[in-house]
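# Descriptive analysis of the structure
These are the residues of each chain, in order.
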Amino acid sequence: MSASAGSRGTGVSRRDFVARAVGAGAAVAAPWIVPARARGAVPPSERITAGVIGVGIMGRGILGYYLSEPAIRIIAVCEVDRVRRDAAMQSVQAAYGATSGCTAYNDYREMLARPDLDAVLIVTPDHWHALQAVHAAQAGKDVYCEKPISLTIAEGRRIVEAVRSHGCVFQTGTQYRSAPTIRRVCDFVRRGGLGKVRHAFCLWSRVEGGYIPVSHPLPAEPVPDGLDWNLWVGPAPWRPYNHRFHRNPMTEVVPWAFNDDFGAASVTWHNSHCADVIQYALGVEESGPVEIIHPSSGRYPTLTFRYAHGPLLHLVDDWGALKRQYGVVPEDARLEGSFGGVFVGERGWVTSMHARIEGHPPSIFDEMGLRNRGVPGPNNHHANWLECIRTRGRTSTGEEIGHRSASLGHLAHTAFRLGRTLSWDPATETFARDDAANRLRSRAMREPWRL
Amino acid sequence: MNHRCLRLPLLAAMLAVCLPASAERVAVPLNDYQRLGQRFTADRPFDTLWVTVPSWLDTEGGLTLTVWDSPARARRLASRAFTGIADNQQVRLRIGRLLPAGAYYWEVDARTGATLVGLYADALAAETDDCAYLDGVPDRRRRFVFAIGTLDRPRPSIPQLIAALRPDASDQEKSDACRELAIWGDASAVPALARLLDDPDLSHMARFALEAMPGARVNAALRAATLRLTGAPLVGVVNTLGVRRDAGAVPRLSALLRSADASVAAAAAVALGRIGTPASIDALLRAPDSLDPAVSAAVREGLLASADGLLAAGRRGRAIALYDRLRAPSAPPAMRVAATRGAIVARGAAGAELLVQQLRAGDERLAGAALWVAQRELPGAGVTAALTAALPGLTDERRVLLVRALGRRGDRSVAPTLEAATASGPIAVRVAALRALADMGGGAAVPAFVRALADPDAEISRAAQDALATLPRDEAATVAAALLRAPDPRSRLAAIDLALLQRMPKLVPDLAAAARDPDSGVRVAALRSLGELAMPDDLPRVIDALVAAPEGPELTAAGESLAAASERASEPEQAVDRLAGAMGRGGAPHRIAILRALGSLGGPRALEAVRGALRGPDGVVSRAAFEVLCQWKGAEAAPDLLQIATTAQAPAERTQALRGLLRMAADAELPADRRLAICRDAGPIVQRDEERRLLLGALGGLGTPEALALALPHLAAPATREEAAIAILGIAERLAGGPDRAAAAEALERVAAAGVSAELAARANALLQQARGV
């Protein structure tokens, strides 16, 4: 696990930068300002220095974005697959020039040891998120972490503890809530625009017929040249290499998420985004439900969360269930898109999916201040992270929010796995009178890894 | 069918329940009156069967899925008809009871729906009885893709799970048992699991179970294991003792703190820190200076964890002592930040002094820690007051950051200070104060925002505008209405921006009034905003604003707004009447703008108004009416365009009208019969190849034999052959499955023989097969 060759960058510490940069208006750009206004206004010497951990299909996208962001300088790229690592370094050199000052690493711990690194972007498979986030916090780095930030409730809580203990700025990669239209819809619901919310709905994708990730073995295959498979598996239970864990099956789909040891299936694919915006709109983004009602109870046709202040959040296989099983929207509702969810309240209903916003009564669109029903345009998620790194502020999706949105998925997995209704105390993060469920809140890490 | 959309890894993983994985995968259609089946052997009880169904078109199909006792189909166990199956959907058959492990057979038949559906088949490396069946005949080298499982999870037998840990069991069996024991295991499983700790390949899975299991016997077993294990397995056990916060393990962990194996010593340090008892803390404090930096770092992390634990438990004094020790100047920077944060928080309100010290001192990291704390912890007016009092003594740079932090604390007692800071001082601090007030929310700071809006410094003004944009919508509307009457144009412009940003249709009367503003920039912005915000009832205001608009940017903006507002009209005929009534007002440019708005609306009454302008005396207006006509949305303008295309004196006018007509013919929104009629009428007057291509493009979107007849003659001319072939293919595709398939086949034969590109010829031949019913 050694760093690959390359010169160590001479990046400027953000802490040094903070003192100088605040004089520039762009350096303290307010979160609601579109990033473009600030872009190009940051002198090279005042950039935040960052490293990317993981340059698979998501990491390449994140890297590409930040390579064009003037306020940040990528000085390190870490990846356990040499082919991907080399490709990422080529991207950096294409953006910065041959003398990019960016160093490639196989082992993220060596990257975190760099004193000139301000922040890290964690874009690895899910089973690495918590460990790398905690290690980054302990190394004094600010963190952007892809969603879901954890594979267990205990992992998420540990992230919260580490981030707070070390005074880090942390942001969860649930960009969807930062889309202006989605923010407006959620704010509208949160302010009571629908009256009391009675129901919310979001999609829950299946994994080969079931509702939870699978853990069946796959045949061992030769490890591709240049892939550090031991480090790829890291803290998860050991599994021999199989290409289905590592090779992307299609564009924009991560390969490993179907597997219980490495990913969280529906939670990874889209439900983290749904959970984030729905819990924000319901005003429980730093809390959680008090009951997870399994369909075997006969109370609701699909798995349902109940929140203490009344709303029910139903997970559905497809949007047709809202008409077919719940009868809460009219037949002509189109209900398109997977991110976001549907809210049904005393006054009417509204969607927050990415394809288009729908709702009733029509007057709510004027009340929400929406010009049309599309969900267009860029969001300020990344700009918000950079702004908070400079000012040490809270990000739009901080550690507690990221933990609670991931937890919602873990709670669903637990109920699906055990096949029964569970009572949950969001304050103590314990299940009432259910030893088996409480045991599923954490998992032992493979040695030598520990949180 | 989109084979790529099938999540192969997921599917194969589930199939591993009963089948090995496979490499080659093809889609097999389920034809009418056909049966496709699969024999399979379940190695465990199951109650549910999933089958993945590809389809060959976007429409949805159906089939019936049945589970039988065997391929002989003597006993039906469960069956269900599925409809509306989308491509690659997994159909699920719940059997209704738990079927025991053993051999079974499932089958699909009775295809329904508009599209062909089928199954995925994998090639097998060797022949097997568990294979695919086609109409009851086994194909021993293929299997269909499916999965079995249980939806209702039964509680496993602990003795059976323990038995699975026997020495001769496979590693996979043992791992699977450990996963289950993590959920269900009790004290009876501890001895077997403890033995597994010694196996380097399975030690982790043993801990996977033990770490989750409550009980003193687990702790005792783990402690005992630390006496015999070394290396990575020992590190793992130590980690688990830490996770379990086993206070009874402190003596052993204290000893391991002195291990020659640095990885073991570091693990012990972290575990002791997590346990956080007085004894474990003392052990960490007495830890020998290690040569290994990883151990030293682990001891510090352990102490920090202990301090955090003490703080959480309310034992502030002991926590402060640890934090103060850890924030010594000799500590690594990241640890100093963490310990400083803890030291401030642990002191409560009294921590404000330490907080301010960090802000005043030179270390940027520690100042950052102080700012972090100020925005998240230590609430209360006393701390806010201490921070506020510190402001004057700070550098401008630190003041900017502290001002932002004060805003985010949400303590309104600081508002007067922040409002004062918006008015004078360094620009960066003033900007920060405006943003801080916006962060605090509420409208009390609106006067400060409004004052700043008129500031000569653009950055201040922009920050004020951004701050106003954060106001709640109702409050923002009140502010915007007031600002529209402000003396300075910048404030009035900001009001318009605010109205647009927060979408305030109720401000339309004010914005219409602003269309007559003395400042040209305000006039243009106000006129543009009407297009965005005007509601149907506001159309008269928009018309009035247009008629009053001077020529130039104002009229351009007003025209665009009128068109946009007209398009949104809830009662188009009333809107047409209003627009037509306004044709007598204003000069020619104004009438042209109204004509364009009529074009946006469309419909017979609007067309009548445009015809009137076309025939009118003003040549400029007449020309504009003609252009509106050429872009008309409905087919009702076709006769007008046809007449102009046929009779106009100027060739350019004829050409433009013809193109307008052909554009109309290609508009898929219009009824097909109208489009065909336009093509029929336009055909004789089309003269140029470019126009013929437009005609063929329109014909290609139709699906009648007559469209074929109109397109076929163009196959002969080399200049239009390819376009004609494409059009004929488009038409024939719609006809191939219906009663006019013979006409389609005849046309396709001609395409195939016409010397078109190989790709088009291949498409024609493929369609020909379909049209002939092959």
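Residues numbered from 1 in each chain as written. Chains lettered and ligands numbered in written order. Predicted model: local features only at pLDDT ≥ 70, side-chain atom pairs only at ≥ 80, totals over all residues.

## Digging into the overall build of chain B
If you tally the helices and strands in chain B, you get 39 helices and twelve strands. Its C-alpha atoms give chain B a radius of gyration of 40 Å, more than 25% over the compact-globule value 28 Å for 774 residues. Taken along its principal axes, the extent of the C-alpha atoms in chain B is 105 × 90 × 45 Å. Evaluated residue by residue, chain B yields a buried proportion of 49% over its 774 residues. A fraction of 66% describes how many contacts in chain B between residues 6 or more apart in sequence connect residues 24 or more apart. (Helix = DSSP H or I, 4+ residues; strand = E, 2+ residues; numbered from the N terminus. Rg over C-alpha atoms; globule rule 2.2 N^0.38 Å. Buried ≥ 20, exposed ≤ 12 C-beta atoms within 10 Å, placed from the backbone. Contact = placed C-beta atoms within 7 Å.)

## Description of the overall build of chain A
Along chain A, the regular secondary structure elements total 16 helices and 15 strands. Per-residue burial over chain A gives 59% buried out of 451 residues. Of the contacts formed within chain A by residues at least 6 apart in sequence, a portion of 68% connects residues at least 24 apart.

## Focus on helix H27 (residues 553-567) of chain B
In this model H27(B) runs 21 Å from its N-terminal to its C-terminal C-alpha over 15 residues, within 8% of the 21 Å that 1.5 Å per residue would give. Regarding H27(B), the residues found buried are Glu554(B), Leu555(B), Ala557(B), Ala558(B), Gly559(B), Ser561(B), Leu562(B), Ala563(B), Ala565(B) and Ser566(B). (Expected span 1.5 Å × (residues − 1).)

## Here's the deal with the sheet that holds strand S12 (residues 349-351) of chain A
Residue and element names in this part refer to chain A. Across the sheet, nine strands lie side by side as S13-S12-S11-S7-S10-S9-S8-S14-S15; this open sheet has mixed pairing. Each end of this open sheet is capped by a strand with a single partner; those strands are strand S13 (359-360) and strand S15 (430-431). Pairing of strand S11 (residues 342-345) with S12, which is carried by three bridges, proceeds in the antiparallel orientation. Paired with Phe343 across the two strands is Val350, which belongs to S12. (Pairing = 2+ DSSP bridges.)

## Considering the packing of helix H26 (residues 539-548) of chain B against helix H28 (residues 572-581) of chain B
Residue and element names in this part refer to chain B. Interhelical geometry of H26 versus H28 gives an angle of 20 degrees and a closest axis separation of 11 Å. When the interaxial angle is binned, H26 and H28 end up roughly parallel. The way H26 lies across H28 gives a crossing that is right-handed. Packed against H26, whose contacting residues are Leu539, Pro540 and Ile543, the element H28 presents Ala575, Arg578 and Leu579 at the interface. A per-class count over the contact of H26 with H28 returns five nonpolar, no polar and one charged. (Axes fitted to C-alpha atoms, helices over the stretch in contact; angles between N-to-C directions. Parallel < 35°, antiparallel > 145°, perpendicular 65-115°, else oblique. Left-handed = near helix turned anticlockwise from the far one by under 90°. Nonpolar A, V, L, I, M, F, W, Y, C, P; charged D, E, K, R; others polar.)

## Concerning the sheet that holds strand S3 (residues 103-105) of chain A
All names here are of chain A. Read from one edge to the other, the open sheet built from six strands follows the order S3-S2-S1-S4-S5-S6, with strand pairing classed as parallel. Looking at strand neighbours, the two that pair on one side only are S3 and strand S6 (170-172), the edges of this open sheet. When strand polarity is set aside, the average angle formed by the axes of neighbouring strands in this sheet is 20 degrees. In this structure, strand S4 (residues 119-122) lies alongside strand S5 (residues 142-145), joined through four bridges in parallel fashion. The residue of S5 that forms the bridge with Ala119 is Asp142. The sheet strands contacting helix H6 (residues 126-138) are strand S1 (48-53), S4 and S5, and the helix crosses S5 at an angle near 165 degrees.

## Notes on the environment of Met504(B)
Residue and element names in this part refer to chain B. Within the secondary structure, Met504 sits in the loop between helix H23 (489-501) and helix H24 (508-514). Note on Met504: 23 C-beta atoms within 10 Å, which makes it buried. Along the sequence, Met504 and Arg315 sit 189 residues apart, while their C-alpha atoms lie 54 Å from each other. Those residues in contact with Met504, other than ones at most four positions away along the chain, are Ala477, Ala480, Ala499 and Leu533.

## Observations concerning the interface of chain B and chain A
In this complex, chain B contributes 78 residues to the contact, which on the side of chain A involves 60 residues. Sorting elements by how many residues they give to the side of chain B that touches chain A places helix H15 (residues 364-376) of chain B first, with eight residues. Grouping the constituent residues of the side of chain B that touches chain A by class yields 39 nonpolar, 15 polar and 24 charged.

## Here we look at the pairing of strand S8 (residues 118-123) of chain B
Residue and element names in this part refer to chain B. Burial analysis of S8 places five of its six residues in the buried class, the great majority of the element. Direction of pairing for strand S1 (residues 25-29) relative to S8: antiparallel, over a ladder of five bridges. In the sheet register, Arg25 faces S8, and the bridge partner there is Asp122.

## Some remarks on helix H13 (residues 333-346) of chain B
All names here are of chain B. Taking 1.5 Å as the rise per residue, H13 with 14 residues should run 20 Å; its terminal C-alpha atoms sit 20 Å apart, in good agreement. Most of H13 is tucked away, with 13 of its 14 residues classed as buried. With its phi angle positive at about 65 degrees, Gly348 sits one or two positions after the end of H13.

## Some thoughts on the confidence of the model for chain B
Residue and element names in this part refer to chain B. Model confidence for chain B is summarised by a mean pLDDT of 90, while 95% of its residues fall at 70 or above. Segment residues 1-23: pLDDT under 50, and 62 contacts once partners within four positions in sequence are set aside and those in other chains are kept. The complex prediction reports pTM at 0.75, with the ipTM value standing at 0.90. (pLDDT = per-residue confidence, 0-100.)

## Let's talk about the environment of Asp396(B)
Residues and elements named next belong to chain B. Here Asp396 shows up in helix H17 (residues 396-409). Residue classification places Asp396 among the partly exposed positions, given that 14 C-beta atoms sit within 10 Å. Along the sequence, Asp396 and Ala312 sit 84 residues apart, while their C-alpha atoms lie 36 Å from each other.

## Digging into unusual backbone geometry
In this structure, Pro361(A) follows His360(A) across a cis peptide bond, with omega equal to 0 degrees. When you line up the elements, Pro361(A) lands in the loop between S13 and helix H13 (363-368). Its identity as a non-glycine residue notwithstanding, Tyr33(B) has a phi of 65 degrees, on the positive side. Its location among the elements puts Tyr33(B) in the loop between S1 and strand S2 (36-42). At Asp135(B), a position not held by glycine, the phi torsion is positive, near 50 degrees. Asp135(B) gets classed as exposed once you count the C-beta atoms within 10 Å, which come to 12.

## A look at the confidence of the model for chain A
The predicted model of chain A has a mean per-residue pLDDT of 88, with 89% of residues at 70 or higher. Within the model, the stretch residues 1-40 of chain A combines pLDDT values under 50 with 99 contacts to residues more than four positions away or in other chains.

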